[in-house]
4 protein chains.
Amino acid sequence: MITVLRPGVSKEKVVSLVDWFENQGLKVHLSEGEYQTIIGLIGDTSKIDADMIEVLDIVECVKRISEPYKKANRKFHPEDSIIDVGGVKVGGGNFSIMAGPCSIESEEQILEVAKAVKDAGANILRGGAFKPRTSPYDFQGMRDEGLRLLLKAKEVTGLPIVTEIMNAEHLPLFDDVDLIQVGARNMQNFELLKELGKTNKPILLKRGLANTLKEWLMSAEYIMAGGNENVILCERGIRTYETYTRNTLDLSAVAALRELTHLPVIVDPSHATGIARMVEPMALAATAVGADGLMIEVHNNPEKALCDGAQSLTPDVFAKVVAKVEKIRDVL
Amino acid sequence: MITVLRPGVSKEKVVSLVDWFENQGLKVHLSEGEYQTIIGLIGDTSKIDADMIEVLDIVECVKRISEPYKKANRKFHPEDSIIDVGGVKVGGGNFSIMAGPCSIESEEQILEVAKAVKDAGANILRGGAFKPRTSPYDFQGMRDEGLRLLLKAKEVTGLPIVTEIMNAEHLPLFDDVDLIQVGARNMQNFELLKELGKTNKPILLKRGLANTLKEWLMSAEYIMAGGNENVILCERGIRTYETYTRNTLDLSAVAALRELTHLPVIVDPSHATGIARMVEPMALAATAVGADGLMIEVHNNPEKALCDGAQSLTPDVFAKVVAKVEKIRDVL
Amino acid sequence: MITVLRPGVSKEKVVSLVDWFENQGLKVHLSEGEYQTIIGLIGDTSKIDADMIEVLDIVECVKRISEPYKKANRKFHPEDSIIDVGGVKVGGGNFSIMAGPCSIESEEQILEVAKAVKDAGANILRGGAFKPRTSPYDFQGMRDEGLRLLLKAKEVTGLPIVTEIMNAEHLPLFDDVDLIQVGARNMQNFELLKELGKTNKPILLKRGLANTLKEWLMSAEYIMAGGNENVILCERGIRTYETYTRNTLDLSAVAALRELTHLPVIVDPSHATGIARMVEPMALAATAVGADGLMIEVHNNPEKALCDGAQSLTPDVFAKVVAKVEKIRDVL
Amino acid sequence: MITVLRPGVSKEKVVSLVDWFENQGLKVHLSEGEYQTIIGLIGDTSKIDADMIEVLDIVECVKRISEPYKKANRKFHPEDSIIDVGGVKVGGGNFSIMAGPCSIESEEQILEVAKAVKDAGANILRGGAFKPRTSPYDFQGMRDEGLRLLLKAKEVTGLPIVTEIMNAEHLPLFDDVDLIQVGARNMQNFELLKELGKTNKPILLKRGLANTLKEWLMSAEYIMAGGNENVILCERGIRTYETYTRNTLDLSAVAALRELTHLPVIVDPSHATGIARMVEPMALAATAVGADGLMIEVHNNPEKALCDGAQSLTPDVFAKVVAKVEKIRDVL
């Protein structure tokens, strides 16, 4: 880490800062130039809070040479991580298609959709039991009962399942869930991330509504620092000024994460756009940019869905999308 | 709620949507114009998920005439709410100044700062025990021990205290806390909000990093719908493309919330800007725009602070800010 | 256009608004519901300023049923427009690859790059003569002389050329330019757009830094309303809070514009990301999402470039990208 | 300027970069640390394009110690600049209130409003003749004729006038205009800025929709570098994800600019919010934060205004706002 001091700062202040750094167990390399002094820090600077240093009045800027994330960092783990989700490999060249309804509504519905997406080529079943809703008056999901139905669909189809957790206290209910999703709104729910770090469950960490790539990787680091390195990242659109689509799908994030981390990155075009007819083009683009998989909403009767209906595809349309995605995969 | 349909939609689809609305217990008022059909909904539409309707392919747009938040809505509660925080009234003309360190570091530190801010005119003491940090390697706060020290400072100074909760499981530790803060990152941690709704504790709900006023009020509604109407809103800056300040303090939100809700709104210029020398001007502006209070970071030794040091004021500077704030209050 | 009035507005105000609408030559269809009154407008509402109506205190919301852009609107022009750029067709299934240096630096440089990109498969040559720079002290381009060299490269290679205009007074210099580029910073330079609307030159209209799809189409409408319908849109990334890439490439815009307009849409992954190694994945994604072409920076010696050097590809890398792009085109 | 190189870069690449810097006439100070090499540049680095250097693959980061703006920089011009606008001083403690209609509609209207705002305490008259409109079909202003009417109002009331220019070719028409406004959409219309730099007219430079403080100051620098140092900055709200107000007024920008530049900074609460009833609170906040003046829309008949009607105040309301603003000024 390099700390560039402002020109003409008092000797005392420099000394007190250097002391502070050394007290943190770091080796300090001071280079006093004609115009400014630069403090180079050698050692494990990941414990140093760069923001805190940067706002000191004697400091011009702070630059980390090594990113604060270690376990998620490709530098220290060059080869792709491959996460085993109930027997299905994700990452390292293994492309995964997670599909299913936004919300589980009934046994008939989830079984029907599960079979349909399996036939269409999905290898992981998704379905929401605990639903984060902006309004306390909106449908909150079938919760425990929904999980029970999802597990039944797993049993019937043999597909591993992914579903969202909103509360660490619910963990016991997730014993047979193959991939636990952390939603965008909980990306920085650090207490939840710490609890998930204590499990050995694969975690699907969605990007927060307005979080940077670095913040996202730091949240993955929370889980990994706890001992659970089975993390899959999911880009689902960020909040911008543009309102035509629900969010703005940031596909450059996929290309960037390829360099920054060894963790698999999948893309959710359904939630990102909120518009069913935009799912296909965005799914193809996500595949072409190099994503490790897709998460797509499929519903047996979109127009009757209790939630996000019209961003869902019918099984037939989904099957067509999968076929095109596979063609693009062949080209790459 | 009004649903405007696209021109030339099929009769069947209109009927099936109308049926669906009626099944939700709503009275439907259909007005078929030359160019488009409009469905007016009468009854409690707060349970209807407008997003879900808007994305249906037959729908042009959906407009709520009544906002989905009821309890937080000034329309149904015209007079200002006044929240009692350990004997200190907030809102309805009562201006409150919450001050203290970002993090509690030691008994000596918190006691010294507590006395200093009380002398300078603060009427509520703030201090962080559980700290949400972007990095798992950054200082996470003194946690339980920090709370113990904060309660001691309360005892010594008689000031009510406000501190952040990150996990509903910690609630028992907050029995003697006068105002429980929900941080920006947890503004949409709905499970936490529901638990706080079951208490009768005053809650300080900070605005999320990139949340709209409506989403913020819906989060307040989560707490209020649970039975706890003691909610204070805190504007702390939103994320924009501008990087000069840590966040962009949105003071127009204060003026807007004045119309939309009866809940008190305070402003935190310290976290919003992240720069100590910008706290005074932003505090004065927040007062002039009509905020019900301020939350300001004060530290006995800013440059040695373990966290957010340089965004803290010294007690002397803080005292000067309070004096100017009071002058502006007199003018209004 | 539909105007929904607030509940309980005075009869007089409604009448005065209705009068005003009728004075604009519109037929008014008033529907007074139990809860609110809705004014439907029939006729050419494109001249009505919805913003102005929406902020009236008696108005709840305004919704256009017909978009304010007519000539750019696919509704009134279902088939794709095909723009002829010096003999090269763009749009309607014709994929175009525009490549060349960010800035023209010398005759040797532009000729060398022009030949290289032609050999690699580009069908239009790009090169900057007039450069918009944030700083008055940065290199402003070779201007007139640069244009002369670009025209020479056109002559030598036979490739049509595209280059940016910053001032309508320079139009005479652009007589032999095949495609005139309007940069992001001038997307709402309406005086310039009006002048370009008087020409019959193909115009490449880049999206503004923070402009919506609707604003972008309205800017295209400025050119088309003047009589020049030869407009090509270019997505080049929008400004968001994320700083890892220079801008955030919004590929969902391409999918959305496909529905909204008949104009061709191309993508510039070089400026969007500002990072050479991200150009390939974003170019492949842009192709997969259905763009009508790409604009890519190629430089014979990236590390010595006077401008945006490291976002440029070498001719060899560019050739490889083109080959992969063509494979994806074959799949679609 | 400091350039930090990536660890382990090849000697040759470092040498070629150092050569390049020296060819730019800079003195290079190389400090090779154990972990990385840092290049310090001494001399006028304002001509160096930091972006270009930062993207080079051997470069970790670039940090300017001296900002690229010189003439606008408070460092080199500590005392506030005071701009003389037709005899009215702006800046350096002189508070200016610019008021008038968004658009000039008729002689009667502009004269009536001009007298009203003068009586209410405005010291500069504003009125739009050339109007930048998103739609080519919206009212574009009375243009030349509007200017003529505005000059008549100046003659009658003796108030200096401010109005927007959209095209450098119109400059001759602005001979008797006291303050020439550059609108948000033209903030980076560099060709226009250069032309204004050749005049000696006071320029009111509005902040672009999504421009940083640095970009804004660089645009001021364009005008000043041309020899015209009479620049006044105007904050008018930035584009964010929040749609409740038209834009988000960034008052922290005023506090920040106070440190960064000696130029006066005024605030336009009318365009920022787009809502008349929010003008007063935001005007008071802008005054409290230390703005050098306000620009407020006043209309004799808001609900009939052709443009931005409901964001205008009536003369009476405006008079009340001015009175409160003056009370706050007294306190500061």
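Residues numbered from 1 in each chain as written. Chains lettered and ligands numbered in written order. Predicted model: local features only at pLDDT ≥ 70, side-chain atom pairs only at ≥ 80, totals over all residues. Heavy atoms only, no water.

### Details of the overall build of chain A
Piece 1. Within chain A one finds ten helices and 14 strands.
Piece 2. Counting only C-alpha atoms and orienting by the principal axes, one finds that chain A spans roughly 75 × 40 × 40 Å.
Piece 3. Counting across all 332 residues of chain A, residues that qualify as buried make up 66%.
Piece 4. In chain A, of all internal contacts separated by at least 6 residues, the share reaching a separation of at least 24 is 67%.
Piece 5. Carbon and sulfur atoms provide 49% of the accessible area of chain A, an area that totals close to 10800 Å². (Helix = DSSP H or I, 4+ residues; strand = E, 2+ residues; numbered from the N terminus. Buried < 20%, exposed > 50% of the residue type's maximum accessible area, 1.4 Å probe, protein only. Contact = heavy atoms within 4.5 Å. Areas by Shrake-Rupley, 256 points an atom, 1.4 Å probe, with all protein chains shown as cover.)

### Quick word on the state of the cysteines
Any covalent bond linking the sulfur atoms of two cysteines counts as a disulfide.
Piece 1. Scanning the model with the defined rule gives zero disulfides over all chains in all.
Piece 2. We note that Cys234(C) lacks a disulfide partner, and the nearest cysteine sulfur, in Cys102(C), lies 13 Å from it. (Disulfide = S-S within 2.5 Å.)

### Focus on the sheet that holds strand β8 (residues 124-126) of chain A
Piece 1. Spatial strand order, β7-β8-β9-β10-β11-β12-β13-β14 (chain A): eight strands in a closed barrel with parallel pairing. Ignoring which end each strand starts from, the neighbouring axes of this sheet average 30° apart. (Pairing = 2+ DSSP bridges. Axes fitted to C-alpha atoms, helices over the stretch in contact; angles between N-to-C directions.)

### Thoughts on unusual backbone geometry
Piece 1. At Arg143(C), a position not held by glycine, the phi torsion is positive, near 50°.
Piece 2. The residue Arg143(C) is located in helix α4 (residues 143-157) in this model.

### So, the relation of the copies chain D and chain C
Piece 1. Rotating chain D by 180° and translating it 0.0 Å along the rotation axis places it on chain C, where the RMSD comes to 0.1 Å. Such a combination of turn and shift is consistent with a two-fold rotation axis. When C-alpha distances to the rotation axis are compared across chain D, the minimum falls at Ala210(D), with a value of 3.1 Å.
Piece 2. By residue overlap, the copies meet face to face through one surface: 100% of the interface positions of chain D are interface positions in chain C. (Least-squares fit on C-alpha atoms with pLDDT ≥ 70 in both.)

### Quick word on the confidence of the model for chain A
A low pLDDT means the predicted coordinates there should not be read in detail.
Residues and elements named next belong to chain A.
Piece 1. Of all residues in chain A, 95% attain a pLDDT of 70 or more, and the chain-wide mean is 91.
Piece 2. Low confidence marks residues 305-309, where pLDDT is under 50. Its contacts with residues over four positions away, or in another chain, come to 19 contacts.
Piece 3. Confidence metrics for the complex model read pTM 0.91 and ipTM 0.89. (pLDDT = per-residue confidence, 0-100.)

### Points about the sheet that holds strand β4 (residues 59-63) of chain A
Residue and element names in this part refer to chain A.
Piece 1. In space, the four strands of this open sheet follow the order β2-β3-β1-β4, with antiparallel pairing throughout. Two strands in the sheet have a free side with no partner beyond their single neighbour: β2 (27-32) and β4. Pairs of neighbouring strands in the sheet enclose a mean axial angle of 15°, with direction left out of account.
Piece 2. Lying on the sheet, helix α1 (residues 11-23) is in contact with β1 (2-5), β2, β3 (37-42) and β4; it crosses β2 at an angle near 155°.

### Structural notes on the environment of Asp51(D)
Piece 1. Summarising the element assignment, Asp51(D) is placed in helix α2 (residues 50-54).
Piece 2. Residues Asp51(D) and Cys61(D) lie ten residues apart in sequence; the distance between their C-alpha atoms is 9.6 Å.

### Side note on helix α7 (residues 252-260) of chain C
Piece 1. Judged by how many residues are buried, α7(C) sits mostly within the fold: seven of nine residues are covered.
Piece 2. Among the residues of α7(C), Ser252(C), Ala253(C), Val254(C), Ala255(C), Ala256(C), Leu257(C) and Leu260(C) are the ones counted as buried.

### What about the side chain of Asp292(A)?
All names here are of chain A.
Piece 1. Counting through the fold element by element, Asp292 comes out in the loop between α9 (279-289) and β14 (293-297).
Piece 2. Assessed through its relative accessible area of 7%, Asp292 is described here as buried.
Piece 3. If near-sequence neighbours (up to four positions away) are discounted, Asp292 is found in contact with Val90, Gly91, Gly92, Asn94, Phe95, Ser96, Arg258, Leu263, Pro264, Val265 and Ile266.

### Focus: the interface of chain B and chain A
Piece 1. Each partner contributes to the interface: chain B provides 52 residues, whereas chain A provides 52 residues.
Piece 2. Run the count over chain B and chain A and you get four salt bridges.
Piece 3. Arg239(A) serves as the salt-bridge partner of Glu215(B), at 2.6 Å between the closest nitrogen and oxygen.
Piece 4. Inspection of the region where chain B meets chain A yields 20 residue pairs in polar contact (both at pLDDT 80 or more).
Piece 5. Mapped by element, the contributors of at least two residues to the side of chain B that touches chain A are α1 (11-23), α5 (190-197) and α6 (213-225) of chain B.
Piece 6. When its residues are assigned to classes, the side of chain B that touches chain A shows 20 nonpolar, 13 polar and 19 charged. (Salt bridge = Lys/Arg side-chain N within 4 Å of Asp/Glu carboxyl O. Polar contact = N/O pair within 3.5 Å; in protein donor to acceptor, adjacent residues only side chain to side chain. Nonpolar A, V, L, I, M, F, W, Y, C, P; charged D, E, K, R; others polar.)

### What to know about the pattern of salt bridges
Piece 1. Counted under the stated rule, the structure contains 69 salt bridges over all chains.
Piece 2. The closest approach of N and O atoms between Asp178(A) and Lys154(A), which form a salt bridge, is 3.2 Å. Of this pair, Asp178(A) sits in the loop between β9 (161-165) and β10 (179-182) while Lys154(A) sits in helix α4 (residues 143-157), and the two are 24 residues apart along the sequence.
Piece 3. A residue is classified by how much of its surface remains accessible, and Asp178(A), at 13% relative accessible area, is buried.
Piece 4. For Asp138(D), the salt bridge is made with Arg133(D), and the minimal N-O distance between the two is 3.8 Å.

### Side note on the interface of chain D and chain C
Piece 1. Tallying the contact residues gives 51 residues for chain D and 52 residues for chain C.
Piece 2. Our count for the chain D to chain C interface comes out at four salt bridges.
Piece 3. Here Arg143(C) ties to Glu191(D) by a salt bridge, and the two come within 3.2 Å at their closest N and O atoms.
Piece 4. Between chain D and chain C we count 20 residue pairs in polar contact (both at pLDDT 80 or more) in total.
Piece 5. If you list the elements that add at least two residues to the side of chain D that touches chain C, you get α1 (11-23), α5 (190-197) and α6 (213-225) of chain D.
Piece 6. Take the side of chain D that touches chain C: its biggest share by element is five residues, from α6(D).
Piece 7. Looking at side-chain class alone, the side of chain D that touches chain C contains 19 nonpolar, 13 polar and 19 charged residues.

### Description of the environment of Ser103(D)
Piece 1. Here Ser103(D) is to be found in the loop between β7 (96-100) and α3 (107-120).
Piece 2. C-alpha of Ser103(D) to C-alpha of Gly128(D): the two residues are 25 residues apart in sequence and 4.3 Å apart in space.

### Observations concerning the environment of Ser46(A)
Residue and element names in this part refer to chain A.
Piece 1. As for its position among the elements, Ser46 is in the loop between β3 and α2 (50-54).
Piece 2. Look at Ser46 and you get buried, because its relative accessible area is 3%.
Piece 3. Once the C-alpha coordinates of Ser46 and Ser96 are considered, the two residues, 50 residues apart in sequence, prove to be 33 Å apart.

### With respect to the packing of helix α9 (residues 279-289) of chain B against helix α9 (residues 279-289) of chain D
Piece 1. Closest axis-to-axis distance for the α9(B)/α9(D) pair is 7 Å, and the angle between their directions is 155°. Classed by the angle they form, the pair α9(B) and α9(D) counts as roughly antiparallel. The two elements α9(B) and α9(D) cross, and the hand of that crossing is right-handed. Along the contact surface, α9(B) presents Pro281(B), Met282(B), Leu284(B), Ala285(B), Ala288(B) and Val289(B), while α9(D) presents Pro281(D), Met282(D), Leu284(D), Ala285(D), Ala288(D) and Val289(D).
Piece 2. Along the lines of polarity and charge, the residues of the contact of α9(B) with α9(D) split into twelve nonpolar, no polar and no charged. (Parallel < 35°, antiparallel > 145°, perpendicular 65-115°, else oblique. Left-handed = near helix turned anticlockwise from the far one by under 90°.)

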